Amino acid sequence: MNPFKEKPISLVNSFENWKQLYPKSYNKNEVDPYTKTRIILMNGTEYEANWFSHQFSRHFACTDLRRDLALVRAQEKQQQLKISLLKPLDETQLEQTIGYEQLAVDLTAELAKREKDFYVKKALDFALLEDFDHLYRYSDLLHMNQGVLAERLVGKYTEIMPARPTIAHHRFPKDNVRRCINSKTADKETILGSMIITAAEQQTMNYYMNVATLATDDLTRKLYEEIALVEEEHVTQYEDLMDANGTWFEMNLWHEYVECYLYWSCMMTETDKCIKKLWEENLAIEIAHLHSAAELLQKYEKKSWQEVIPNGEFPAPLSLHENIEYVRDIIKNTAQFTSVGEEYENLNNLPKDADFFKYQSIINPTAENTPSHMVIEQYIGKFGEDYRFETAANPIKPLQCRKCDNTEVGRVVGVADGKGYKANK
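Let us look at the structure shown here. Remember, predicted model here, so these are calculated numbers, not experimental data.

Turning our attention to the packing of aromatic side chains. Two numbers describe a pair of aromatic rings. These are the distance of the centres and the angle of the planes. All chains considered together, the criterion is met by 29 aromatic pairs. Both rings, one in Y100 and one in Y207, keep their centres 4.4 Å apart while their planes meet at 5 degrees; by these two values the pair is stacked. Here the residue Y100 occupies a position in helix α4 (residues 93-114), and Y207 occupies one in helix α7 (residues 188-211), the gap between them amounting to 107 residues. Each member of the pair, Y100 as well as Y207, carries the same accessibility label: buried. Seen in terms of ring centroids, Y100 and Y208 are 6.3 Å apart; in terms of plane orientation they differ by 50 degrees. Their pairing is tilted. Placement of the pair is Y100 in helix α4 and Y208 in helix α7, with a sequence separation of 108 residues.

Structural data, given as structure tokens:
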């Protein structure tokens, strides 16, 4: 499909009234896990588009341009709110959090498996391992607090077990910066991937930062606080991959193209008939937004959309599905790696005075006070061993023990090893 060749609907006639805006929520006991993750993904995608538009408007004094942006932006916000309200009243924050982390794991794995740029793939694989460990920490907390087994929520499509421990995710901030791609020369799927994962991780960061204060016990508040700060690291990494040289008008076009592609992907892969219809409706709205962005590009920069996106045809739909073996391979080969400068390095090769070790000594002077460790220790103290859903033993031997929480993998020299990152063939 090429959205540029589709006839756009009227922007003004696309606004909805209050009755239309309030959707029927899904049934949390019946919904497919990947329907929930698609909802979270599109919520984050709409948020990214809306806030990019706000920043765009704040950097240009032209009133006519601001009016055009405001028209589209208001519709993006209607779309986002309607999508977020698909969440039912009886779904708890921790239950929804499991959906956020399942999305982070399986979306990142799918993008990494498609990625042709090895540098971008390494970034995806690196953070994938960390989101996988977050899923494990939240799952133990969910069962300890609410008696809910996260394996049911993820449909057993995604394993629940430790990877690089969350305590090891805290790096010196300068080491989270990455080199940006060039949208003039990069593969289209690389551009799409960098923008999609940035929006998804940004949504997760914002969600954790907002709900942390709403938790009803200190341990839950502390875990959200810790992982929200890790998500800040992930957002820094991913947003730095995006093309920083594109103009505001060019990137506005790309944002709308990403939305069109994702709604089309959701429509093509959705199993819930009611929600599939919503994806179809939003695709039509986004095609109108894309044509508006193309008109702005032509009006203000005298460029055609083909000069920015030479081939408007979508790649294959982005499909969310299980990635158990892929994730296991990443754990086996990269759990002992950390970020150094703009690259990734085996912890065993770092000098003793590396910034990673200095920062760890500041933020984690003792593991006993680190929330992600406290959650597992308290769970083990209560039940005798941690909660997991595994199809086989953990590929890293030090992470196989269920009666203690390992805080050394990815943090202490010599504890684990790995062959490193592999490019797609």
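There is more to say after this.
By the bridge criterion, four bridges tie strand β1 (residues 337-340) to strand β2 (residues 343-346) in an arrangement that is antiparallel. The residue of β2 that forms the bridge with S339 is Y344.

Moving on to the pattern of salt bridges. Applying the stated criterion to the full structure yields 26 salt bridges. We note a salt bridge from E130 to R164, for which the minimum N-O separation is 3.2 Å. Of the two residues, E130 sits in helix α5 (residues 118-146) while R164 sits in the loop between α6 (150-153) and α7, which places them 34 residues apart along the sequence. With a closest N to O distance of 3.2 Å, K303 and E301 form a salt bridge. Members of the salt-bridge network, linked through shared partners, are E385, D386, R388, E390 and R402.

Moving on, we get to the nonpolar core. Ranked by internal contacts, the top residues of the largest apolar core, which has 112 residues, are L107, I196, L253, W254 and W279. At 15 residues, the largest contribution of residues to this core is made by α5. With residues up to four places along the chain from it excluded, the contact list for I196 reads L41, L107, L111, V258, Y261, L262 and L318.

Thresholds, definitions, all that
Residues numbered from 1 in each chain as written. Predicted model: local features only at pLDDT ≥ 70, side-chain atom pairs only at ≥ 80, totals over all residues. Heavy atoms only, no water. Phe/Tyr/Trp six-rings, centres within 6.5 Å; stacked < 30°, edge-to-face > 60°. Helix = DSSP H or I, 4+ residues; strand = E, 2+ residues; numbered from the N terminus. Buried < 20%, exposed > 50% of the residue type's maximum accessible area, 1.4 Å probe, protein only. Pairing = 2+ DSSP bridges. Salt bridge = Lys/Arg side-chain N within 4 Å of Asp/Glu carboxyl O. Core = buried A, V, L, I, M, F, W, Y, C linked by side-chain atoms within 4.5 Å. Contact = heavy atoms within 4.5 Å.

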